[in-house]
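Structure assessment
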Amino acid sequence: MNIAENILKHNLRNVYFLTGTCLAGKTTMSKALAEKHGLILFNDNWHEDHFQVFRSICTEAYQPVSARKKETTDWEAFFGRSAEEFLAANAGRHENDEYLEFELIELIKLAQKGSVIADISAPIELLTKISDYNRIACMLASPELVTCENYGKRGDHKEFLECILSLKDPEKKIAVQDELFRIGVEKTYEEARRHRLFSIVRTGESTVESTLRLLEEHFGFV
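Keep in mind that this is a model prediction, so the values were computed, not measured. (Residues numbered from 1 in each chain as written. Predicted model: local features only at pLDDT ≥ 70, side-chain atom pairs only at ≥ 80, totals over all residues. Heavy atoms only, no water.)

Quick notes on helix α2 (residues 26-37)
The criterion, for reference: By definition, any uninterrupted DSSP run of H or I lasting at least four residues is a helix, any uninterrupted run of E lasting at least two residues is a strand, and each is numbered from the N terminus. An expected span of 1.5 Å times one less than the residue number is assigned to each helix. Exposure categories follow from relative accessible area, calculated using a 1.4 Å probe and restricted to protein chains: below 20% of the type maximum is buried, above 50% is exposed, and the middle band is partly exposed. The contact rule is simple, with two residues in contact once any of their heavy atoms fall within 4.5 Å.
Between its first and last C-alpha atoms α2 spans 16 Å; for twelve residues at 1.5 Å apiece the expected length is 16 Å, and the two agree. Burial in α2 covers these residues: Lys 26, Met 29, Ser 30, Ala 32, Leu 33 and Ala 34. Buried positions along α2 lie against β1 (15-20), β2 (40-43), β3 (116-119), β4 (136-141) and α12 (208-219).

Written as structure tokens, this is what we have:
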């Protein structure tokens, strides 16, 4: 059974979405908005126990990608793939799509309690169908900032970089991840332009205060 997009939109009308590239400040901004305006905070790391619930119920029949990934132990082989092999593996349905279904149900439940700020990895095209322009903000990092090294500096991504550095030829594997980041950033910029989303580009001169103010104005919090 699939849930129609208009039904999702009706039940998510109390949710504000942050989307965009990694390292654009979505986590920082979602926390700042939640704290300042009394919003319920929801992000991809929302309550680790909920993610573990999702992982525990995954089955080959309904979540084939996630179910198989639970068995991944050979990180040498996983990160040893070329950029083309990574892209081919993610050409169809992938783990984020499967987890997104679980997240949307959790969001609908939370939205019954109050306004929610959601920082989740949802496709831009889908967001434009299940929400309105003034409830979606796209945060984009300047391309040169989005690298494997910068990504791995964040506390919640530290294990990602440490894992790669522990493998053979880490420089080669990091280069592959950098290429994937570049492709992902270009795709997100293009989708944001195509769907005419309200967007903010993070540069080396960006500040938390100025970015927060722009988001507040867009969402109508001021």
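That covers the picture; the talk isn't over yet.
Section: helix α11 (residues 170-194)
Given a rise of 1.5 Å per residue, 25 residues ought to cover 36 Å, and the 36 Å separating the end C-alpha atoms of α11 matches this to within 8%. Remark: Arg 196 follows α11 within two positions and exhibits a positive phi of approximately 55°.

What to know about the packing of aromatic side chains
Put simply, the rule reads: Centre distance within 6.5 Å is the pairing criterion for rings of Phe, Tyr and Trp, where only the six-membered ring of Trp is used; planes under 30 degrees apart are then read as stacked, over 60 as edge-to-face, and the remainder as tilted. We call a charge positioned above a ring when the Lys NZ or Arg CZ atom is no farther than 6 Å from the ring centre and deviates by at most 35 degrees from the ring normal.
Per the stated rule, a full pass over the model turns up 13 aromatic pairs. Ring centres 5.6 Å apart and planes at 45° place the aromatic pair Phe 219 and Phe 221 in the tilted group. We classify Phe 219 as buried; its relative accessible area is 6%. The ring of Phe 78 is capped by Arg 81, whose NZ or CZ atom sits 4.5 Å from the centre of that ring. The ring of Tyr 16 has Arg 135 sitting right over it, with the charged end atom 4.7 Å from the ring centre.

Description of the sheet that holds β2
Applicable threshold: For two strands to be treated as a pair, DSSP must find no fewer than two bridges joining them. Inter-axis angles, ranging from 0 to 180 degrees, are taken between N-to-C directions of lines fitted to C-alpha atoms, where helices are fitted over the stretch in contact.
Taken in spatial order, the five strands line up as β2-β3-β1-β4-β5 in an open sheet, and their pairing is parallel. Only two strands of the sheet have a single partner each, and these edge strands are β2 and β5 (199-202). Between one strand and the next, the sheet's axes are offset by a mean angle of 20°, whatever the strand orientation. Relative to β3, β1 runs parallel, the two sharing four bridges.

Some remarks on the pairing of β4
Among the six residues of β4, six are classified as buried, and the element is accordingly described as predominantly covered. Of the two faces of β4, both are covered, the one formed by Ile 136, Cys 138 and Leu 140 as well as the one formed by Ala 137, Met 139 and Ala 141. Judged from the four bridges that link them, β1 and β4 form a sheet pairing that is parallel. Counterpart to Gly 20 in the pairing with β4 is Met 139.

Re the environment of Val 201
For Val 201, the location among the structural elements is in strand β5. Distance from Val 201 to Pro 123, taken between C-alpha atoms, is 18 Å for residues 78 residues apart in sequence. If sequence neighbours within four positions are ignored, Val 201 has contacts with Leu 140, Ser 142, Tyr 189 and Ser 206.

A word on the nonpolar core
Which entries qualify depends on this criterion: In plain words, nonpolar cores are sets of buried Ala, Val, Leu, Ile, Met, Phe, Trp, Tyr and Cys residues tied together by side-chain atoms within 4.5 Å.
Judged by nonpolar contacts, the single largest core of 57 residues is most densely connected at Leu 12, Leu 107 and Leu 215. A total of seven residues in this core trace back to one element, the largest contributor, which is α11. Beyond its immediate sequence surroundings of up to four residues, Leu 107 is in contact with Leu 12, Val 15, Phe 17, Phe 42, Val 116, Ala 118 and Ile 120.

Describing a nonpolar patch on the surface
We apply this condition: Like charges are joined within 9 Å and nonpolar side chains (Val, Leu, Ile, Met, Phe, Trp, Tyr) within 5 Å, but only among residues with over 30% relative accessible area and no salt bridge; these make up the patches. Accessible surface is estimated by sampling points in the Shrake-Rupley manner with a 1.4 Å probe; for residues, cover comes only from the protein chains shown. Definition used for salt bridges: Asp or Glu carboxyl oxygen within 4 Å of a side-chain nitrogen of Lys or Arg.
Judged by side-chain polarity, Ile 3, Ile 7 and Ile 105 come together as a nonpolar surface patch covering roughly 250 Å² of accessible area. With respect to the helices and strands, the residue Ile 105 is situated in helix α7 (residues 95-111). Residue classification places Ile 105 among the partly exposed residues on the basis of a relative accessible area of 41%.

Observations concerning the confidence of the model for the protein chain
Defined as follows: pLDDT is a residue-level measure of predictor confidence that goes from 0 to 100.
Overall, the predicted model of the protein chain reaches an average pLDDT of 90, with 93% of residues at or above 70. When pLDDT is averaged over each helix and strand of the protein chain, the minimum, 74, is found for helix α4 (residues 64-69) and the maximum, 97, for α12.

A look at the pattern of salt bridges
Within the structure shown, the criterion is met by eight salt bridges. The shortest N-O distance in the salt bridge between Lys 173 and Glu 76 comes to 2.9 Å. With Lys 173 in helix α11 and Glu 76 in helix α5 (residues 75-79), this residue pair connects regions lying 97 residues apart in the sequence. The class for Lys 173 is buried, based on a relative accessible area of 7%. Here the residues in one salt-bridge network are Glu 179, Arg 182 and Glu 186, joined through shared partners.

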